[in-house]
Amino acid sequence: MNKFLLSAEGLNKSFSGFKAINNLSFYLETGELRTVIGPNGAGKTSFLDLITGRTKPDTGTLNFENNDLLPMNEYEIYRLGIGRKFQTPTVYTDHTVFENLYLSLGGSRGVWNSIFTRIKPEQKQRIEEVLEIIKLTEKAQWKAGALAHGQKQWLEIGMLLAQNAKLLLVDEPAAGMTDEETHRTGELLLSLAGKHTIVVIEHDMTFVRQISKNGRVTVLHQGSVLCEGSVDYVQSNEKVVEVYLGRKAKTV
Amino acid sequence: MTQPLHKRESLWFAAVAFLLVILLPLADAFGIIDHFTLNTWGKYLCYAILAISVDLLWGYTGLLSLGQALFFSLGGYMFGMYLLLMIGKMGQYKSDLPDFMVFLGHTQLPSFWKPFYYFPFAALMVVLLPGLLSSVFGYLAFRSRIKGVYFSILTQALTYGAALMFFRNDMTMGGNNGFTDFRFVLGYDVRSPGTKRGLFIATAVLLLGVYALCRWLTKTKFGLIQRAVRDSENRVLFSGYAAANYKLFVFVLSGVIAALGGALYVPQVGIINPSEMTTEKSLEAVVWVAVGGRGTLVGPVIGAISVNALKSYATRAFPDLWPLLMGTMFILIVLFMPKGIVGLPTQLHHYWNHWRHHRKPSPEEEEATAELTTKPTSAE
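Notes on the structure in this doc start here. Treat the numbers as computed from the prediction; the structure is a model and nothing was measured.

The rules behind the values
Residues numbered from 1 in each chain as written. Chains lettered and ligands numbered in written order. Predicted model: local features only at pLDDT ≥ 70, side-chain atom pairs only at ≥ 80, totals over all residues. Heavy atoms only, no water. Contact = heavy atoms within 4.5 Å. Buried area = accessible area lost by both parts, 1.4 Å probe. Salt bridge = Lys/Arg side-chain N within 4 Å of Asp/Glu carboxyl O. Polar contact = N/O pair within 3.5 Å; in protein donor to acceptor, adjacent residues only side chain to side chain. Helix = DSSP H or I, 4+ residues; strand = E, 2+ residues; numbered from the N terminus. Nonpolar A, V, L, I, M, F, W, Y, C, P; charged D, E, K, R; others polar. Buried < 20%, exposed > 50% of the residue type's maximum accessible area, 1.4 Å probe, protein only. Core = buried A, V, L, I, M, F, W, Y, C linked by side-chain atoms within 4.5 Å. 1 Å grid on protein atoms, 1.4 Å probe; cavity = no way out; pocket = protein on both sides within 12 Å on 5 of 7 lines; lining within 4 Å. Points joined across faces, edges and corners; volume = space filled by probe spheres on them. Pairing = 2+ DSSP bridges. Axes fitted to C-alpha atoms, helices over the stretch in contact; angles between N-to-C directions.

### Quick look at the interface of chain B and chain A
Counting residues at the interface gives 34 residues for chain B and 39 residues for chain A. Between chain B and chain A the total buried area reaches about 3,400 Å² when both faces are included, carbon and sulfur atoms providing 60% of it. The salt bridge partner of Arg145 of chain B is Glu74 of chain A, with a shortest N-O separation of 2.7 Å. Connecting chain B to chain A are 15 residue pairs in polar contact (both at pLDDT 80 or more). Per element, the largest residue contribution to the side of chain B that touches chain A is 8 residues, and it comes from helix α8 (residues 221-231) of chain B. Among the residues making up the side of chain B that touches chain A, the classes are represented as 15 nonpolar, 8 polar and 11 charged.

### With respect to the side chain of Thr278 of chain B
All names here are of chain B. If you trace the backbone, Thr278 turns up in the loop between β4 (271-272) and α11 (279-292). Overall, the relative accessible area of 19% leaves Thr278 in the buried class. Sequence-distant contacts of Thr278, that is, excluding residues within four places in its chain, are made with Ala69 and Thr159.

### What about the nonpolar core?
Formed by 143 residues in total, the largest nonpolar core has its most connected members in Leu155 of chain A together with Trp113 and Phe179 of chain B. With 15 residues, helix α2 (residues 35-61) of chain B is the single largest residue contributor to this core. Setting aside chain neighbours within four positions, we find Phe179 of chain B in contact with Tyr77, Gly80, Met81, Leu84, Phe100, Trp113, Met173, Gly174, Gly270, Ile271 and Ile272 of chain B. If you look at the next biggest cluster of nonpolar residues, it comprises 27 residues, including Leu5, Ile21, Leu48 and Val199 of chain A.

### What about empty space enclosed by the protein?
Residue and element names in this part refer to chain B. Tallied over the entire structure, the rule returns 3 cavities of 30 Å³ or more. One number sums up the size of the largest cavity: a volume of about 80 Å³. Surrounding the largest cavity, Tyr47, Leu50, Ala69, Phe72, Glu276, Lys281, Glu284, Trp288 and Lys311 form its lining. Among the elements of the structure, α2, α3 (68-85) and α11 are those that each provide at least two residues to the lining of the largest cavity. With 3 residues, the top contributor of residues to the lining of the largest cavity is α11. Taken together, the residues of the lining of the largest cavity break down into 5 nonpolar, no polar and 4 charged.

### Points about unusual backbone geometry
Residue and element names in this part refer to chain A. Located in the positive-phi region is Asn23, a residue other than glycine, with phi close to 50 degrees. Mapped onto the elements of the fold, Asn23 is located in strand β2 (residues 18-28). We classify Asn23 as exposed; its relative accessible area is 51%. One non-glycine residue, Glu172, lies in positive phi territory at about 50 degrees. Of note, Glu172 is situated in the loop between β7 (167-171) and α7 (179-192).

### Concerning the sheet that holds strand β3 (residues 33-37) of chain A
Residues and elements named next belong to chain A. The sheet built from 6 strands is open, its strands ordered β6-β7-β8-β3-β9-β10 with mixed pairing. In this open sheet, the two edge strands, each paired with only one partner strand, are β6 (82-85) and β10 (224-229). Within this sheet the neighbouring strands show an average axis-to-axis angle of 20 degrees, counted without direction. Taken together, the 4 bridges between β3 and strand β8 (residues 197-201) define a ladder with parallel strand orientation. Across the sheet, residue Thr35 finds its bridge partner in β8, namely Val200. Contacts between α7 and the sheet are confined to β3, β7 and β8, with β8 contributing the most and set at about 150 degrees to the helix.

By themselves, these observations are geometric and do not establish any function.
Below, the structure is given as structure tokens:
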């Protein structure tokens, strides 16, 4: 009945008078790799907070596969298949890389189950697959806290893969990475598109150009959508140049 | 690499079990150590059980509860009610009623006291009442996402409120004098060396059982999630786990463990009163855990025994200075020995390396070497 995987309509959210999200509408089709850009304070991370249940909108609707997300909390939304990578890498620093992925695998989330369950061969295999994808096989037994910043980012993406999320919300995956790591992250995300639906928030325009070759780009400004389209269209749009690229060009 | 480590640990466990359950009681029976010493150690072992319950919350789950003395005392009170009724007519007033009730002018036993004539009922209540209280309190606190210092303050308030209630005479729980002068437990004379030996063995078995249970639990996936809640609760929620349920489970389990320790504590020290459930007592248990090494299971046991041994000595040698001494010790440990006594060998090893190489290894290196020398994975 709804052709969109995720649809947000008329979202509003203010924090003590500041309108972080202003009448925002956003539609996402299954299998898309969507990039969201926008200057600082445009509401990118706030928007992810609304989708994942970290904060609730003042008004508006949020639907995922015909499920109303508004009455749900973080872990209920997660269980629908929405995974999130945070802006600053959020992994379990005192657990090994392997354990981080183990905790992220799909399956029961109940207390009793967690006490009596044992790791199964197919789970181990899946973890090894993910380790291969995120290139951390060698470091499976390292504590996640001992990883380099870029590797933590990869681990967190790996945790979303282990979860086998339908929708991956990826907040600034390239932050703090070298150019080469950034490029590899881009390739990883491109290889996942189609199998998963992905929303990437990013600042780095080279990276954005890389991953949005075939996808659409949404520009947020002051809490609402400024424009949407291919990366070339967006980059040549006058309004965008004015509020975002123009300002960036000045500072560079 | 896991196997030999496991084996060595089991050997240690067996050795300690042999010492506590067989050797010490035998030494006591043949007069090699005196009864007083064994009794004192029985008390320390009860404290060790309390300390494990504190660490399960604080060290493993990141919940600093200042209410564990309450659950310890509640367990003690429940068992104390049974012990008090077993005195029978042998009290000061030669009445069927406990002394304090006669003194307060009661003519018959309040109805909630009656079932406590039966040992099984009392034993059940030792587990049930603290379990129920921790369930209700934990449910409300965790559902409202009360965290960190606010959680500590709330548990402190709970303990304080309960102590005030128990101080009241009209609660018919002995007021500020509490229960004392116990005579019999299961028909045996509480004061006889044989019974005391039995109680010591029971305490040792309970401690070993609690240790083994917690050891097993912290090695399961549950244990992984428990520590994940401690390190990054947000990630846990965004990995689909209802963190509140996990915290509630740990809180109730810890409450019950503390209560069991308290139930065995009371017949061994011969008294229970509301001063046992004050916040200071909870804080003391936190100090034991910090001294021994939190986030480990051996740490709380070592901490509880060593701090209390020191306390026994210090309160005789210089009684006025003990609180100061304990406070200073806590501060120094937190500042300079964050991993407590258990972490000391590793810490010294690091200093030794540092001294040898005249340089400090980078944090990554430290983590990496620590990782290589300790356990590989617990998920296996």
